[in-house]
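Coordinate analysis (summary)
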Amino acid sequence: MNKFLIAPSIIASDFTRLADEIAATESAGADWLHMDVMDGHFVPTITIGPLFVEACKRVTKLPLDVHLMISNPDQYLEVFAKACANNITVHVETCPNLLETIAKIKSLGCKAGVTLNPLTPASALDEVLPIVDLVLVMSVTPGYSGQVFMPEMIGKVEEIRNKLNALRSQAWLEVDGGITADTLPLMYKVGANVFVAGNAAFKHPQGVAGGVRALRESVA
Ligand code: DX5
Ligand code: ZN
């Protein structure tokens, strides 16, 4: 079996018990903590910002996987790097000069990720695929946790996996949106190796420990 990572999405956790939720995520054996930053402009929702990211860093050793769903991310890269983001992922739709943005993220000492909305074709990533550390494929329209997985995105993951393999890239191929114990194996089979989970992780009847376990065990 190929190695794969689980990245619970903190916006689906109970913020009144944030430190406990993070500790439970860590002891559940999660690999990264996914952080959905939304600005109410690029997406309709407003969620968390750099202060929140930095506070989480103080209570965990898990790598922080920061997904920027914001307009003009270039303006905020340094702020999120200072907030101790480990990975910073930007949307191709928000970056007029994607190559420069990726280079800037790396120069700040972070892993550089790129992502795309469901309606954006995989070819939009071609120029940066050789240099990114991570590609994130959205399997819902970004904006909310708890949406239904779009099976049309399976083909997109397969297409990007083939391109990464052709480049001999070691970049992580991450998927985000509607990932459950049922949909994870579909994406794993076509080459995804990092799985973001909001509801499936934090809203599991046995809490995040049960959620992470179910996701981990979904691939035989
Ligand atoms: C969607 C976010 C996701 C979301 C995932 O805009 O990027 O990370 O929190 O939540 P689920 O797994 O519940 O779809
Ligand atoms: Zn996300």
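Presented here is a report on the structure given in the accompanying data block. (Residues numbered from 1 in each chain as written. Chains lettered and ligands numbered in written order. Predicted model: local features only at pLDDT ≥ 70, side-chain atom pairs only at ≥ 80, totals over all residues. Heavy atoms only, no water.)

1. A closer look at the coordination of the zinc ion (ligand 2)
Looking at the metal site, the zinc ion (ligand 2) is ligated by His34 (NE2), Asp36 (OD), His67 (ND1) and Asp176 (OD), spaced 2.0 to 2.3 Å from it. Seen from the zinc ion (ligand 2), its six donor atoms lie at angles of 67 to 165°, and the figure they make is octahedral. One chain supplies every donor to the zinc ion (ligand 2), and in sequence these donors are spaced H-x1-D-x30-H-x108-D. Taken as a pair, histidine 67 in strand β3 (residues 64-69) and aspartate 176 in strand β7 (residues 172-176) lie far apart in primary sequence, 109 residues in all. In this pair, the class of histidine 67 matches that of aspartate 176, namely buried. (Donors = N, O, S within 2.8 Å, 3.2 Å for Na, K, Ca; no water. Tetrahedral: all angles 85-135°; square planar, octahedral: opposite > 155°, others 65-115°. Helix = DSSP H or I, 4+ residues; strand = E, 2+ residues; numbered from the N terminus. Buried < 20%, exposed > 50% of the residue type's maximum accessible area, 1.4 Å probe, protein only.)

2. Let's talk about helix α2 (residues 50-57)
Burial in α2 covers these residues: Phe52, Val53 and Cys56. For α2, the angular spread of buried residues about the axis comes to 100°, placing them on one side. Residues of α2 that are buried make contact with α1 (18-27), β2 (33-38), β3 and α3 (77-82). (Arc of directions from axis to C-beta. Contact = heavy atoms within 4.5 Å.)

3. Focus on unusual backbone geometry
With a phi close to 50°, asparagine 72 is a non-glycine residue in the positive phi region. Turning to its location among the elements, asparagine 72 is positioned in the loop between β3 and α3.

4. Quick notes on the site of ligand 1
As a structural note, the neighbourhood of ligand 1 is formed by 20 residues, with Asp36, Gly143, Ser145, Asp176 and Gly198 the closest of them. Here histidine 67 contributes a side-chain N or O atom positioned 3.3 Å from an oxygen atom of ligand 1. Note that an oxygen atom of ligand 1 is positioned 2.8 Å from one of the backbone N or O atoms of glycine 178. Protein chains shield 99% of the accessible area of ligand 1, which is 380 Å² for the free molecule. If you list the elements that add at least two residues to the shell around ligand 1, you get β2, β3 and β8 (194-197). In terms of residue count, β2 provides more of the shell around ligand 1 than any other element does, three residues in total. (Near = heavy atom within 4 Å. Polar contact = N/O pair within 3.5 Å; in protein donor to acceptor, adjacent residues only side chain to side chain. Areas by Shrake-Rupley, 256 points an atom, 1.4 Å probe, with all protein chains shown as cover.)

5. A look at the pattern of salt bridges
For the coordinates displayed, the defined rule picks out seven salt bridges. A salt bridge links lysine 163 to aspartate 126, with the nearest nitrogen and oxygen atoms 2.7 Å apart. Taken together, the positions of lysine 163 in helix α5 (residues 153-166) and aspartate 126 in the loop between β5 (111-116) and β6 (134-138) put the pair 37 residues apart, joining distant regions of the chain. A relative accessible area of 23% places lysine 163 in the partly exposed class. (Salt bridge = Lys/Arg side-chain N within 4 Å of Asp/Glu carboxyl O.)

6. A closer look at the pairing of β5
Among the six residues in β5, five count as buried, and that is most of the element. One ladder, built from five bridges, connects strand β4 (residues 87-91) with β5; its direction is parallel. For isoleucine 88, the partnering residue across the bridge sits in β5 and is alanine 112. In this fold, β4 hands off to helix α4 (residues 98-107), which returns the chain to β5; that crossover is right-handed. (Pairing = 2+ DSSP bridges. Right-handed = clockwise from strand over helix to strand, strands pointing away.)

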